[in-house]
Amino acid sequence: MSSHAVAQPASLDPVGTWLTEDGRAKIRLEKCGADNSGLCGYVAWMKDPLNDKGQPRTDIKNPDPAKRSRPSLGLQIIQDLKPEDKTHFAGEIYNADDGKKYEVTLAIDKPAELEVRGCLLHFLCGSQTWARVSDLAMNTKMVATKVAKPATGMAAHPHDAQ
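Residues numbered from 1 in each chain as written. Predicted model: local features only at pLDDT ≥ 70, side-chain atom pairs only at ≥ 80, totals over all residues. Heavy atoms only, no water.

Caption draft 1: Molecular detail of the overall build of the protein chain. A count of helices and strands for the protein chain gives two helices and eight strands. Taken from N to C terminus, the helices and strands of the protein chain fall in the order α-β-β-β-β-β-β-β-β-α. Here the protein chain, with 162 residues, has 36% of them falling under the buried criterion. Restricting the contact set of the protein chain to residue pairs at least 6 apart, pairs at least 24 apart contribute 46%. For the protein chain, the accessible surface area stands at approximately 9,700 Å², while carbon and sulfur atoms represent 54% of it. (Helix = DSSP H or I, 4+ residues; strand = E, 2+ residues; numbered from the N terminus. Buried < 20%, exposed > 50% of the residue type's maximum accessible area, 1.4 Å probe, protein only. Contact = heavy atoms within 4.5 Å. Areas by Shrake-Rupley, 256 points an atom, 1.4 Å probe, with all protein chains shown as cover.)

Caption draft 2: Examining the nonpolar core more closely. The biggest cluster of nonpolar side chains holds 22 residues, and the ones touching the most others in it are Leu29, Ile77, Leu106 and Leu114. Listed by contribution, the elements that provide at least two residues to this core are strand S2 (25–32), strand S3 (38–46), strand S4 (76–85), strand S5 (88–95), strand S6 (100–110) and strand S7 (113–120). A per-element tally of this core places S6 first, with four residues. Beyond its immediate stretch of four places on either side in the chain, Ile77 contacts Ile27, Gly41, Val43, Glu92, Ile93 and Tyr94. (Core = buried A, V, L, I, M, F, W, Y, C linked by side-chain atoms within 4.5 Å.)

Caption draft 3: View of the pattern of salt bridges. Tallying each qualifying case throughout the model produces six salt bridges. Close ionic contact of Arg24 with Asp97 constitutes a salt bridge, the shortest N to O distance being 2.9 Å. Here Asp97 lies in the loop between S5 and S6 and Arg24 lies in the loop between strand S1 (16–19) and S2, a separation of 73 residues in the sequence. Across the pair Arg70 and Asp59 runs a salt bridge whose closest N-O atoms are separated by 2.6 Å. (Salt bridge = Lys/Arg side-chain N within 4 Å of Asp/Glu carboxyl O.)

Caption draft 4: Expanded view of the confidence of the model for the protein chain. Scored by pLDDT, the protein chain comes out at a mean of 82, with 77% of its residues at no less than 70. The low-confidence segment residues 1–9 (pLDDT under 50) makes three contacts with residues lying over four places distant or belonging to another chain. Between residues 138–162, whose pLDDT stays under 50, and residues either more than four places distant or in other chains, the model counts 34 contacts. (pLDDT = per-residue confidence, 0-100.)

Caption draft 5: Main features of the sheet that holds S4. With antiparallel pairing, the eight strands of this closed barrel are ordered in space as S1-S2-S3-S4-S5-S6-S7-S8. Strand-to-strand twist of the sheet, defined as the mean angle between neighbouring strand axes without regard to direction, takes the value 35 degrees. (Pairing = 2+ DSSP bridges. Axes fitted to C-alpha atoms, helices over the stretch in contact; angles between N-to-C directions.)

Caption draft 6: Layout of the state of the cysteines. One pass over the structure, following the stated rule, counts two disulfides. Here Cys32 is linked by a disulfide to Cys40, with a sulfur-sulfur distance of 2.1 Å. Disulfide Cys32 to Cys40: torsion about the S-S bond roughly 85 degrees, handedness right-handed. For the pair Cys32 and Cys40, a shared accessibility class is recorded, and that class is buried. Each sulfur of the disulfide joining Cys119 and Cys125 lies 2.0 Å from the other. Measuring the twist about the S-S bond at about 110 degrees, one finds the Cys119-Cys125 disulfide to be right-handed. With a relative accessible area of 12%, Cys119 lands in the buried category. Classification of Cys125 by relative accessible area gives partly exposed; the value is 34%. Sequence-ordered numbering of the bonded cysteines in the protein chain gives a disulfide pattern of 1-2, 3-4. (Disulfide = S-S within 2.5 Å.)

Written as structure tokens, this is what we have:
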């Protein structure tokens, strides 16, 4: 048990890469915003990055038809969450599975676990625990899966595309 504790990061900083509870994606959290106090998140890895036709998955459930061709890999799903304190953040998260945004709070009370709680209409809520994994640079998985960059010319890093 002590070797497990040594392997964990000692920090309660949420910046890093997190495996979702269902194991379908890894989300890279980074500081963002005008004063770098916010938190943004990007899909850095997907268990199944290709659709049934063998093509890269896209944001097909987005309510905005112009955004439905955006690649899922690299998609920003968390935009500038505001800190409630050093380990708790609140704002919105985008769920590409249904194309909806949800109120979300992220809390890191243990170095290797991130509590994610999302709500729709303040009362339809759910939560899950994401596990910290080795940092994964955004472009590493894109190259490894040989997913072509979209014709729109996605920048080397998702921030650069905005």
